[in-house]
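# Chains, contacts and geometry: an overview
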Amino acid sequence: MGRIAGRFARVEARRRAGRLVLGLLSDLPRKNCWTIAEWVGEATPHGMQHLLCRASWDADAVRDDVRDYVVEQLHDERAVLVVDETGDLKKGTRRTPRQFDWRRVQDQPD
């Protein structure tokens, strides 16, 4: 967190970001604001939601810092950071035409 600490305007957001990262790296079966907030001991997801939606921080700079860290650890200047936010399996029976359906890829039944 030391590498990205300066990207957050307030200490509260920086601390919450650290807890969010720990939650994302945890073995929680589902990772969302509710489950991570509960895992770190917060009563509601409001703080995590505030961090992601309204808090003042430089997301592009954090992304670049994380990429730099990955390059340093892999020792490869050609390393690429890929963030996939679509990995959750779709639930229910309704389909949205524009959404990719990972069930087909993962060969999972409804």
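Per chain, residues are indexed from 1 in the order of the written sequence. A pLDDT threshold of at least 70 governs which residues receive local features in this predicted model, and a stricter bar of 80 or more applies before side-chain atom pairs are shown or counted, although totals over entire chains, interfaces and linings include all residues. Excluded from the side-chain calculations are hydrogens and water; all other atoms, namely the structure's heavy atoms, are used.

Two side chains that carry opposite charge are able to pair once their charged atoms sit near each other. One speaks of a salt bridge when a side-chain nitrogen belonging to Lys or Arg is within 4 Å of a carboxyl oxygen belonging to Asp or Glu. Tallied over the full model, the rule gives seven salt bridges. Residue E42 pairs with R16 through a salt bridge whose shortest N-O separation is 3.2 Å. A residue pair is termed long-range when its members are at least 10 positions apart, and E42 in the loop between α2 (33-39) and α3 (46-53) and R16 in helix α1 (residues 11-25) qualify at 26 residues. Note on exposure labels: buried denotes an accessible area under 20% of the residue type's maximum, exposed denotes more than 50%, and partly exposed covers the range between, all computed with a 1.4 Å probe on protein chains only. Judged by its relative accessible area of 16%, E42 falls in the buried class. Secondary structure elements are taken from DSSP: a helix is a run of H or I of four residues or more, a strand is a run of E of two residues or more, and numbering for both begins at the N terminus.

A separate point is a nonpolar patch on the surface. Taken together, the side chains of M1, V21 and L25 present a nonpolar region at the surface, about 290 Å² in accessible area. Position of L25 among the secondary structure elements: in helix α1. A relative accessible area of 69% means that L25 is categorised as exposed. For patches, a residue must show more than 30% relative accessible area and have no salt bridge; joins then use 9 Å for like charges and 5 Å for nonpolar side chains, namely Val, Leu, Ile, Met, Phe, Trp and Tyr. Reported accessibility uses the Shrake-Rupley method at a 1.4 Å probe radius. Residues are deemed covered only where the shown protein chains occlude them.

A few words on the side chain of D65. Tracing the chain through its elements places D65 in helix α4 (residues 59-74). By relative accessible area, which is 9% here, D65 ends up buried.

Residue-level confidence of the predictor is summarised by pLDDT, bounded by 0 at the bottom and 100 at the top. For the protein, mean pLDDT is 83; residues scoring 70 or higher make up 75% of the total. At the level of individual helices and strands, the protein shows its lowest average pLDDT in helix α5 (residues 102-106), which scores 55, and its highest in α2, which scores 96.

Attention now moves to the packing of α1 against α3. Note on definitions: angles span 0 to 180 degrees between N-to-C directions of axes, and those axes are lines fitted to C-alpha atoms, for helices only across the stretch in contact. Interhelical geometry of α1 versus α3 gives an angle of 105 degrees and a closest axis separation of 10 Å. With respect to their mutual orientation, α1 and α3 come out roughly perpendicular. Contact with α1, carried on its side by A13, R16, A17, R19 and L20, involves G47, M48, L51 and L52 of α3 and no other residues of that element. Think of it as three bins: nonpolar holds Ala, Val, Leu, Ile, Met, Phe, Trp, Tyr, Cys and Pro, charged holds Asp, Glu, Lys and Arg, and polar takes everything else, Gly as well. The residue inventory of the contact of α1 with α3, partitioned by class, reads six nonpolar, one polar and two charged. Working definition: roughly parallel below 35 degrees, roughly antiparallel above 145 degrees, roughly perpendicular at 65 to 115 degrees, and oblique for all remaining angles. Any two residues whose heavy atoms approach within 4.5 Å are treated as being in contact.

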